[in-house]
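# Observations on chain architecture
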Amino acid sequence: MAIPLGYIARNLLARRLTTALTAGGMALVVYVFASVLMLAAGLRQTLVSTGQDDNVVVIRRGSQTEVQSGIDRSQTGIIESLPDIAVAADGMRLVSKEPVVLISLPKRATGKPANVVIRGVTAASLDLRPQVRLVEGRMFRPGTSEVVVGRSIATGFRGTDLGETLRFASRDWTIVGVFDAGHTGFDSEIWGDAEQMLQAFRRPVFSSVIFRLADPDRFDAVKATLENDPRLTLEVKRERQFYADQSQALAKFISTLGTGISIIFSIGAVIGAAITMYASVASRTAEIGTLRALGFSRGAILLAFLIEALLLGLIGGIAGLVGASAMQALTISTTNFQTFAEIAFSFTLTPGIVVASLAFALAMGFIGGFLPAARAARMKIVDALRAA
Amino acid sequence: MSAAAQPAPAAEGRQPLVAIHGLSKYYVRGDQVIPVLVDLDLDVYAGEYVALMGPSGSGKSTLLNLIAGIDKPSSGEIRVTGVDIAALSDSELALWRSMHVGFIFQFYNLMPVLTAFGNVELPLQLTTLSRAERRERVATALELVGLTDRATHLPNELSGGQQQRVAIARALITDPTLIVADEPTGDLDRVTAQEILGLLARLNDELGKTIIMVTHDPKAAETAHRLIHLEKGVLVG
Ligand SMILES: Nc1ncnc2c1ncn2[C@@H]1O[C@H](COP(=O)(O)OP(=O)(O)OP(=O)(O)O)[C@@H](O)[C@H]1O
Ligand SMILES: [Mg+2]
């Protein structure tokens, strides 16, 4: 009982240039909107995938990050004696006490300094992070001033090539390897021997203790044991949750700012759509009168012009998404203000973002098209026919 | 064969198809009332072919629009097939038009983005006919107006006469009770106009369609069976 879709779509095609320009305006807005959400999603995904499900991170109570945390040897000893810690095939207990500090390095592109995470690691560290693989050079030798750097460090910062030396904590550290951490947060870290780091930085305490649970279901029990022990002042989190929490503030900041900007931009696009649709109604006044005379109702006319506006939005939405999806090739590196450390991540297009972007585009079309469509539907038939 | 200026064939016992009683239409502009149609009575019987003539501004189009149900009277009654169409709501009237009225306009009023086929098919979108049934009907209508070979042409690829034939096919396609035509030859040259008038006469003769046609052209009016004159909103003669 409605005006055929073919008629509606052909009217858009008949005004190719206007349609393209209007949809182009909406495409730009959708492009910005989708890109920003992709950025937030990329950050979230990078940090969430940094954590392993059965790994547990222990830090000092009240400290949000490893850098702020400090756990002395009496407390780490109690953690290490937990019976719930998994044991590797070679008999090694999968627990690692790690110092984490920030140093400043110049960015490769700009030369501007940015904070980089230095992590002191132990024999168990690599077993605890199976996603980390050495891709160049070799692992550092324990007990030496050698370090290995994550892939994003090697590509993003000056002086981090294999064989170069980095100066920090009054020592020269030789880079002997580059590791790939599978697009997780560890890609933005530098790893060296934990005891060497403690000495060089003159720190008496570790930052965190990481261990694998022999039985992942025992997490709540282990958490209760550690957090209720009067000798300890610790906070226990699943590693996945720990890193996910670190992405919250920045991801939220990015998506809120981006959505706000997109909404302001979208006002322009909506006005553009409204102008286009008003022109479409005005140039087809006699057609509207004819359709009404033939028996199409006011509702059918309203719907036809709304669908036309929605199609316009859909074209813009798809074009914007295609543009934004090209952004996936890009990796962004920025400071996570929750940890104060540099983190590298990519634009990530998720199904949720596709749906949100198309909904945004359709909403722009709907809002821009509503008043013109209402005008078309309100016309008196005889007046509309006289416009021929 | 002209039967101009004759009274309606008073076939006793037969109900008129269109029965107009005490019809008035006026426009109000400021404190000024502009009467267009004044207390008008008219009966049109099924199968008639009526030509409506009169000077410009006499209210011909207004009367035709009221009969076709695209305008509302200020007062009075218009019954078509017994239905008081002035009393119908907007949406009831739309449905009524889609079933009972075929429109032919001076400037054809085809949808520029639809082919001849698509234009003729348009009124059938309001029916429950299947795609195959629609296609069959459109093919028959296009054949009747002699445009089978132009089915895929857009209006701007057709001459004025051809466009008006498409419009006639569109007016026929739902098999309406009544066909209204407002100066259907007003935009055509004499030869083409004759062809269109011939087609309308055939619709009336062969298909028994009731036609009410507004025209300025006395030659065109001759093809009708009955002539009505309108002057300053009143029927004369
Ligand atoms: N919306 C309107 N407001 C005011 N007056 C109107 C309106 N529509 C029509 N009229 C007046 O009604 C009168 C009759 O108009 P109508 O179009 O019916 O004339 P017509 O006989 O069809 O003339 P023509 O032969 O020129 O087509 C005219 O005087 C016109 O100015
Ligand atoms: Mg007129």
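The preceding data block contains the structure.
The present account deals with the structure reproduced in this document.

Calculation criteria
Residues numbered from 1 in each chain as written. Chains lettered and ligands numbered in written order. Predicted model: local features only at pLDDT ≥ 70, side-chain atom pairs only at ≥ 80, totals over all residues. Heavy atoms only, no water. Patch = residues over 30% accessible without salt bridge, like charges linked within 9 Å, V, L, I, M, F, W, Y side chains within 5 Å. Areas by Shrake-Rupley, 256 points an atom, 1.4 Å probe, with all protein chains shown as cover. Salt bridge = Lys/Arg side-chain N within 4 Å of Asp/Glu carboxyl O. Buried < 20%, exposed > 50% of the residue type's maximum accessible area, 1.4 Å probe, protein only. Helix = DSSP H or I, 4+ residues; strand = E, 2+ residues; numbered from the N terminus. Pairing = 2+ DSSP bridges. Axes fitted to C-alpha atoms, helices over the stretch in contact; angles between N-to-C directions. 1 Å grid on protein atoms, 1.4 Å probe; cavity = no way out; pocket = protein on both sides within 12 Å on 5 of 7 lines; lining within 4 Å. Points joined across faces, edges and corners; volume = space filled by probe spheres on them. Nonpolar A, V, L, I, M, F, W, Y, C, P; charged D, E, K, R; others polar. Contact = heavy atoms within 4.5 Å. Near = heavy atom within 4 Å. Polar contact = N/O pair within 3.5 Å; in protein donor to acceptor, adjacent residues only side chain to side chain. Sits in = over half its atoms within 2 Å of the grid points. Core = buried A, V, L, I, M, F, W, Y, C linked by side-chain atoms within 4.5 Å.

Together, F253, L257, I261, I264, F265 and F337 of chain A give the surface a local cluster of nonpolar side chains, amounting to about 600 Å² of exposed area. A relative accessible area of 59% means that I264 of chain A is categorised as exposed.

In this structure, S170 of chain A takes a positive phi of about 50° despite not being glycine. Notably, Y108 of chain B is not glycine yet its phi reads approximately 70°, a positive angle. Secondary-structure assignment places Y108 of chain B in the loop between β6 (101–104) and α3 (116–121). The buried category is assigned to Y108 of chain B, whose relative accessible area is 7%.

Okay, the sheet that holds strand β1 (residues 55–60) of chain A next. All names here are of chain A. With respect to topology, four strands assemble into an open sheet ordered β2-β10-β1-β11, the strand pairing being antiparallel. Edge positions in the sheet fall to β2 (95–98) and β11 (234–238), since each of these pairs with one other strand and no more. Pairwise comparison of adjacent strand axes, ignoring direction, gives a mean angle of 20° for this sheet. Pairing geometry for β1 and β11, over five bridges, is antiparallel.

Here we take up helix α1 (residues 60–67) of chain B. All names here are of chain B. When you tally the buried positions in α1, you get seven out of eight residues, the bulk of the element. Within α1 the residues assigned to the buried category are K60, T62, L63, L64, N65, L66 and I67. Positive phi appears at G69, one or two residues downstream of α1, with a value of about 75°.

Another point: the layout of surface pockets. If you add up the space inside the largest pocket, you get close to 760 Å³. Every residue lining the largest pocket is counted, 29 residues in all, and those nearest its centre are R386 of chain A together with S61, T62, N65 and D182 of chain B. Mapped onto the lining of the largest pocket, the elements with two or more residues apiece are α12 (381–386) of chain A together with α1, β6 and β7 (178–182) of chain B. It is α1 of chain B that contributes the most residues to the lining of the largest pocket, five residues altogether. Partitioned by chemical class, the residues of the lining of the largest pocket number 14 nonpolar, ten polar and five charged. The wall of the second largest pocket is formed by 24 residues, among which S152, T155, T331, I332 and A344 of chain A lie closest to the centre. Every element with two or more residues in the lining of the second largest pocket is listed here: α2 (16–50), α5 (151–156), β12 (331–336) and β13 (341–346) of chain A. Among the residues forming the lining of the second largest pocket, the class breakdown is five nonpolar, 13 polar and six charged.

Next up on the list: the sheet that holds strand β4 (residues 75–80) of chain B. Backbone-to-backbone hydrogen bonds pair the strands of a sheet. The strands run either parallel or antiparallel. Residue and element names in this part refer to chain B. In spatial order, the strands read β2-β1-β4-β5; together these four strands make up an open sheet with antiparallel pairing. Each having just a single partner strand, β2 (32–44) and β5 (83–84) make up the two edges of the open sheet. Note that β4 and β5 share two bridges and pair antiparallel. Looking at the pairing, R79 lines up with D84 of β5. Sheet contacts for α1: β1 (18–29), β2 and β4; angle to β1, the most-contacted strand, approximately 120°.

Residue and element names in this part refer to chain A. On inspection of all chains with the given rule, the structure shows 31 salt bridges over all chains. Ionic pairing is found between E239 and R129, a salt bridge with its closest N-O pair at 3.9 Å. Remark: R129 occurs in the loop between α4 (125–128) and β5 (133–137) and E239 occurs in helix α8 (residues 239–283); sequence separation between them is 110 residues. We classify E239 as buried; its relative accessible area is 0%. Residue class for R129 comes out buried when judged on its relative accessible area of 0%.

S56, G57, K60, S61 and T62 of chain B are the nearest of the 14 residues found near ligand 1. Surrounding ligand 1 is a set of residues that belongs to chains A and B. Measuring from a nitrogen atom of ligand 1, one finds a side-chain N or O atom of Y27 of chain B at 3.3 Å. A distance of 3.0 Å is found between an oxygen atom of ligand 1 and a side-chain nitrogen or oxygen belonging to H216 of chain B. Against a free-state accessible area of 640 Å², the protein chains account for coverage of 70% of ligand 1. Here ligand 1 is seated within the largest pocket. Listed by contribution, the elements that provide at least two residues to the shell around ligand 1 are β1 and α1 of chain B.

Attention now moves to the side chain of K25 of chain B. Mapped onto the elements, K25 of chain B comes out in strand β1. Residues in contact with K25 of chain B, not counting those within four places in the same chain, are I34, P35, V36, L37, T62, L66, D71, K72, P73 and S74 of chain B.

This part is about empty space enclosed by the protein. Residue and element names in this part refer to chain A. For the coordinates displayed, the defined rule picks out five cavities of 30 Å³ or more. Here the largest cavity defines a volume of roughly 200 Å³. In terms of lining, the largest cavity is formed by 17 residues, of which the most central are V117, E189, Q246, T339 and A341. Looking at the lining of the largest cavity, the elements with two or more residues in it are β4 (113–121), α8 and β13. Among the elements that make up the lining of the largest cavity, the one with the highest residue count is β13 (three residues).

On to the nonpolar core, then. Grouped together as the largest cluster of nonpolar side chains are 73 residues, with contacts concentrated most on I3, Y7, L291, F296, F305 and M364 of chain A. With 13 residues, the single largest contributor to this core is α2 of chain A. Ignoring sequence-local partners within four residues, the contact set of L291 of chain A consists of I3, Y7, F296 and I301 of chain A together with M111 and L122 of chain B. Grouped together as the second largest cluster of nonpolar side chains are 38 residues, V145, L147, A151 and I179 of chain B included.

Distances and angles like these do not, on their own, reveal function.
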